[in-house]
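Per-entry structural report
If you want the building blocks of each chain, they are given just below.
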Amino acid sequence: MAIVTVTLVPVRIVLIVILAIFVRVGIAILTLGYKPLTDDEGHLQPMGFRRWFCLSILLRPTARLALFIFGFHWIKVSGSDNLPRNAASQRGILVVANHVSMADSFYLGSRLLPSFVYRHDVARYPIIGTIALATQGLQADRANKTTGSVTAKYLLKFRTGAFVAGKPVYPVVFRYPFRYKSPYYGDGSIFHILFRLLSQIHNNMEVSFLPQYVPNEAEKADPALYAENVRQIMRAHLSDPPVYCTDCTNQEYIDFSKEVGK
């Protein structure tokens, strides 16, 4: 195992760096002269279709290639029929996921290339911040993020951001079966997780697209109720091994984990 780690990690790091440079240059070319437009109320307007299409051609395959380099050679996917046809090219689709690993974003990027909700400080990250801005992601404070299950055992409480509009959502559930090295958030620092992904020959990912959830009138009037009912649907799908719901938010769980680890 040590020999594999010593040889595999450096090779994968070099490949990731080369891929990151390629993506950075590609984004710079495709967004040359682009200025985000807003309406009369200051709302950001969607990027033009041609430019978005070109970004999709660049980013979707490279996101999947990045997953391959990280050891996700094949991915078990179920429920694809629950997504609308040509979902990647449609606008106005709301996707809610249990965000448990950094690999989640790469997969959704390769499959749908959505505009993510991300922490405001992510915009300063090399490459990742560039991609977030290029895909017109929505910045949010950590305490107010819409989603955030950061553990393999618990599905944390959703914020109401994605549910306020009362529009249907598409729940997506991620699971990462592992034997030796956990890819989950909450099981170490971001650098430890990166090292685990890079040092394993193969990593497992399971993705389930659940049926579209259409809110009833009570849920439309109460975003918190809507968010909780969607969470329960997702928890029911994560039953083997069982995942439990907790009312902790992202930051509360992180703070608790730090206290326990002392």
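The present account deals with the structure reproduced in this document. In this text, all values refer to a predicted model and were calculated from it rather than measured experimentally.

**Here's the deal with the environment of Ala-87**
- In this structure, Ala-87 sits in the loop between strand 1 (76-78) and strand 2 (94-97).
- Judged by its relative accessible area of 12%, Ala-87 falls in the buried class.
- Along the chain, Ala-87 and Leu-113 lie 26 residues apart, while their C-alpha atoms are 9.6 Å from each other.
- Not counting residues up to four positions away in its chain, the partners in contact with Ala-87 are Ile-93 and Leu-112.

**A few points about unusual backbone geometry**
- Positioned with a positive phi, Leu-113 is a non-glycine residue whose angle comes to about 45°.
- Here Leu-113 lies in the loop between helix 3 (102-111) and strand 3 (117-119).
- For Leu-113, a relative accessible area of 6% translates into the label buried.

**Examining a nonpolar patch on the surface**
- A contiguous nonpolar surface patch, about 460 Å² in accessible area, is contributed by Ile-13, Val-17, Ile-21, Val-25 and Ile-29.
- Within the fold, Val-25 resides in helix 1 (residues 2-30).
- Of the residues examined, Val-25 reaches a relative accessible area of 46% and is grouped as partly exposed.

Parameters and conventions
- Residues numbered from 1 in each chain as written.
- Predicted model: local features only at pLDDT ≥ 70, side-chain atom pairs only at ≥ 80, totals over all residues.
- Heavy atoms only, no water.
- Helix = DSSP H or I, 4+ residues; strand = E, 2+ residues; numbered from the N terminus.
- Buried < 20%, exposed > 50% of the residue type's maximum accessible area, 1.4 Å probe, protein only.
- Contact = heavy atoms within 4.5 Å.
- Patch = residues over 30% accessible without salt bridge, like charges linked within 9 Å, V, L, I, M, F, W, Y side chains within 5 Å.
- Areas by Shrake-Rupley, 256 points an atom, 1.4 Å probe, with all protein chains shown as cover.
- Salt bridge = Lys/Arg side-chain N within 4 Å of Asp/Glu carboxyl O.

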